Amino acid sequence: MPYTTEDGGRLNNFANEPKMYEAEPPNAAQKRNYVILGGLALALVAGLLVVAVSVS
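Residues numbered from 1 in each chain as written. Predicted model: local features only at pLDDT ≥ 70, side-chain atom pairs only at ≥ 80, totals over all residues. Heavy atoms only, no water.

**A few points about the overall build of the protein chain**
Okay, step 1: Per the secondary structure count, the protein chain includes one helix and two strands.
Okay, step 2: Across the protein chain, helices and strands are ordered from the amino to the carboxyl terminus as β-β-α.
Okay, step 3: At 25 Å, the protein chain has a C-alpha radius of gyration far larger than the 10 Å of a compact globule built from 56 residues.
Okay, step 4: For the C-alpha atoms alone, the extent of the protein chain along its principal axes is close to 70 × 35 × 15 Å.
Okay, step 5: A total accessible area of about 5600 Å² is found for the protein chain, and carbon and sulfur atoms account for 65% of it.
Okay, step 6: Taking the average location of the 4 positive side-chain charges in the protein chain and that of its 5 negative ones, the two points are 14 Å from each other. (Helix = DSSP H or I, 4+ residues; strand = E, 2+ residues; numbered from the N terminus. Rg over C-alpha atoms; globule rule 2.2 N^0.38 Å. Areas by Shrake-Rupley, 256 points an atom, 1.4 Å probe, with all protein chains shown as cover. Lys, Arg positive; Asp, Glu negative; His and termini not counted. Charge placed at Lys NZ, Arg CZ, Asp CG, Glu CD.)

**Section: a nonpolar patch on the surface**
Okay, step 1: A cluster of nonpolar residues, Ile 36, Leu 37 and Leu 40, forms a patch on the protein surface that exposes about 300 Å² of accessible area.
Okay, step 2: Along the chain, the position of Leu 40 falls in helix α1 (residues 28-55).
Okay, step 3: With relative accessibility at 54%, the residue Leu 40 sits in the exposed group. (Patch = residues over 30% accessible without salt bridge, like charges linked within 9 Å, V, L, I, M, F, W, Y side chains within 5 Å. Salt bridge = Lys/Arg side-chain N within 4 Å of Asp/Glu carboxyl O. Buried < 20%, exposed > 50% of the residue type's maximum accessible area, 1.4 Å probe, protein only.)

**So, the confidence of the model for the protein chain**
Okay, step 1: Averaged over every residue, the pLDDT of the protein chain is 90; the share at 70 or more is 98%.
Okay, step 2: For the protein chain, per-element mean pLDDT is lowest for strand β1 (residues 4-5), which scores 76, and highest for α1, which scores 98. (pLDDT = per-residue confidence, 0-100.)

**Observations regarding α1**
Okay, step 1: The first and last C-alpha atoms of α1 sit 41 Å apart over 28 residues, in line with the 40 Å expected at 1.5 Å per residue.
Okay, step 2: Taking the backbone nitrogen of Ala 29 as reference, a side-chain oxygen 3.3 Å away marks Asn 27 as the first, capping residue of α1. (Expected span 1.5 Å × (residues − 1). Polar contact = N/O pair within 3.5 Å; in protein donor to acceptor, adjacent residues only side chain to side chain.)

Spelled out as structure tokens, the structure:
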């Protein structure tokens with residue numbers, strides 16, 4: 001395991017931090033897919049609510 005040595009000779013065992021990167025914004029195709037999946041999720045929830053109300 002990698003250790004870091006501080007002033008005074010103390011050893012510390014810290015987790016290795018991953019390399020940071022900037023996320024890229026979604027392109028037009030990804031935005032379209034998000035809208036489609038959001039609509040499908042909304043239809044699923046609405047359908048489940050309709051079934052729950054009709055059964056009760």
